Structures are given as C-alpha cells and as structure tokens.
Amino acid sequence: MCCVQPGRILLIEDADAIRAAVTAAVGAAGHEVLAREHGDHLESDLARFRPDVVVLDVMLPGRDGFVLLEVVRARSGAGVLMLTARDSVEDRVRGLRSGSDDYVVKPFDLAELVARIEALLRRMGRLRSRVTIDDLVVETDSGVVSRGTAPIGLTATEFKLLTYLAAHRDRVVTKTQILTAVWGYEDYDPNLVEVHVSALRRKLEEHGPRLLHTVRGMGYTLRTSPR
C-alpha cells in the first residue's frame, strides 16, 4: 500500500520562476499539478480539473487572490492555500476569514509549502496514514517505522526521504527529484542524496533483505526485489 493518493493541485501564480519551482516540487512529491499565471480559467478549471487543493497568489493580474478565493468557495470544496509577498497580519487575517485554509508568505521554502499542501490533503482524507512494503511499515502521521517487530530509528530527513520513496514505490526517482522533494531545491551537491540514501538503506537492511535499490545512471527505487 502506498502512502499517497496523488492529489490534484491547481496553482495560480503570475511569477514565472515561482510557478515553475512550485510545479516541480509538488509534482516531485507525486501530485498532479495544473499551473496558471492568472485566474481567467478558474471556473472551467474547477469544473474540469476538479482540484483537491488550490494554491492562490494574492497579487494577480485581473482578479486578485481574494476574488478568486470567493469563486473557489462558491464552486468547489477544494482546500485553499494562499501565497503572498505581503507580510502583514491584516492580509493573513483577511484571507483566513474569507475562507482560505492556510497562508504562506513569500519567500517560502518549497519543502514547507509541499508539507502544508499535504497537510490539507490529509485533512481531506487524500493521504493515507500508513504505508506497507513487504515487512516494512511506515506510520506517516506518527513517524514510526518498523520491519517485522523491530522498530527502526530514523532522523527527520531520513524519514522524509523514506516517505517520498514509499510514495513512489516501484518507480525510479532521480537525485534531482529527491533534492526538490526532500530539501526543497535542486541546485545542490547530489552527494547529499547519496549520503542519506546510504544511511537509510543501512538501517533498513539491519532488519531484513534489501528494499532500497540503486538503478545505475538513473536514481533509486523502493521495491521488494531488484529488476
């Protein structure tokens, strides 16, 4: 059983760099993303794409985020997370009182944003609380990991790495995808991934056969047997 049912995320953000970075990070976490630079298509996107979560920038050309929030609330049961460069209590209070579920101030960490989106998905029942692969059990809410009857102690980063790999079980993920999903950026020494994968693999193999495999020249995969 996989811990993630891919969510449908509608992102409306007019800054090209932010839109591209968020799309990559949320996609790397296993979710489907529809990205728009304005809200002109919001009504049709809500009807056709049927997002689970809508991420809205406040400062948008045409209708701003607060106006679009009203449209989402009138036409959809999606969760709403608002992005803004306005670091003011008034704007945050206005957004929350208008019906947004969460509020993130720019600049933000991509990993944190993905975590907040997944918190909304979890409250909506879109994320499972447990993943099992062979004899490996990962309790995604409590952070408890075990193989058979043996508990496995992981660091916070190792646990995040494991849940990401579990969400993509039987699929090969690249170092860049892991960097984006776990650390929130892709322009970094890939040895960081190798070190944490090695540590995680060692702890998993203390209590059973290999589950975390290296696919030469491609990346890593979590599965019960090599292919």
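In case you missed it, the structure is sitting above this.
These numbers come from a predicted model, not from an experiment.

### Concerning the overall build of the protein
Along the protein, the regular secondary structure elements total eight helices and 11 strands. Taken against the 2.2 N^0.38 rule, which gives 17 Å for 227 residues, the C-alpha radius of gyration of the protein at 19 Å falls within 12% of a compact globule. With respect to the principal axes defined by its C-alpha atoms, the protein has extents near 55 × 35 × 35 Å. Looking at the protein as a whole, 48% of its 227 residues are labelled buried. Counting every atom, the protein has about 10900 Å² of accessible surface; 48% of that belongs to carbon and sulfur. Across the protein, the centroid of the 31 positively charged side chains sits 6 Å from that of the 32 negatively charged ones.

### Notes on helix H3 (residues 65-75)
Residues of H3 that are buried include every one of Gly65, Phe66, Leu68, Leu69, Val71 and Val72, and no others. Lining the buried residues of H3 we find strand E1 (8-12), helix H2 (42-48), strand E3 (53-57), strand E4 (79-84), helix H4 (89-97) and strand E5 (102-105). Backbone nitrogen of Phe66 and a side-chain oxygen of the N-cap are separated by 3.1 Å at the start of H3; the cap is Asp64.

### Structural notes on the sheet that holds strand E6 (residues 130-133)
Pairing is antiparallel in the open sheet, where four strands are placed in the order E6-E7-E8-E9. Where the open sheet ends on each side, the last strands, each with one partner, are E6 and strand E9 (150-151). Strand direction decides the pairing type here: E6 and strand E7 (residues 136-139), joined by four bridges, are antiparallel. Looking at E7, one finds that Arg130 is bridged to Glu139. Relative to the sheet, helix H6 (residues 156-167) contacts E6, E7 and strand E8 (144-147), its axis offset from that of E7 by approximately 110 degrees.

Thresholds applied
- Each residue is numbered by its place in its chain's sequence as written, counting from 1.
- Where local features are concerned, this predicted model is filtered to residues with pLDDT of at least 70; where side-chain atom pairs are given and counted, the filter is 80 or more; whole-chain, interface and lining totals use all residues.
- Side-chain measures were taken over the full set of non-hydrogen atoms in the model, leaving aside hydrogen atoms and water.
- Put simply, DSSP H or I for four residues or longer makes a helix, DSSP E for two residues or longer makes a strand, and each gets a number counted from the N terminus.
- It is over C-alpha atoms that the radius of gyration is taken, and the globule rule equals 2.2 Å times the number of residues to the power 0.38.
- A simple rule labels every residue: compare its accessible area, found with a 1.4 Å probe on the protein chains alone, to the largest value its type can have, and call it buried under 20%, exposed over 50%, or partly exposed in between.
- Here, Shrake-Rupley sampling with a 1.4 Å probe gives the accessible areas, and only protein chains in the shown set may cover a residue.
- Charge assignment: positive for Lys and Arg, negative for Asp and Glu; neither His nor the chain ends contribute.
- Here the site of a charge means NZ on Lys, CZ on Arg, CG on Asp, or CD on Glu.
- Pairs of residues are marked as contacts when any of their non-hydrogen atoms sit within 4.5 Å.
- Residues adjacent in sequence count toward polar contacts only when both atoms are side-chain atoms; beyond that, a polar contact is any pair of N or O atoms within 3.5 Å, and within protein one must be able to donate a hydrogen and the other to accept it.
- Two strands pair under a simple rule: DSSP has to find at least two bridges between them.
- Here, axes are lines fitted to C-alpha atoms. For helices the fit covers the stretch in contact, and angles between N-to-C directions go from 0 to 180 degrees.

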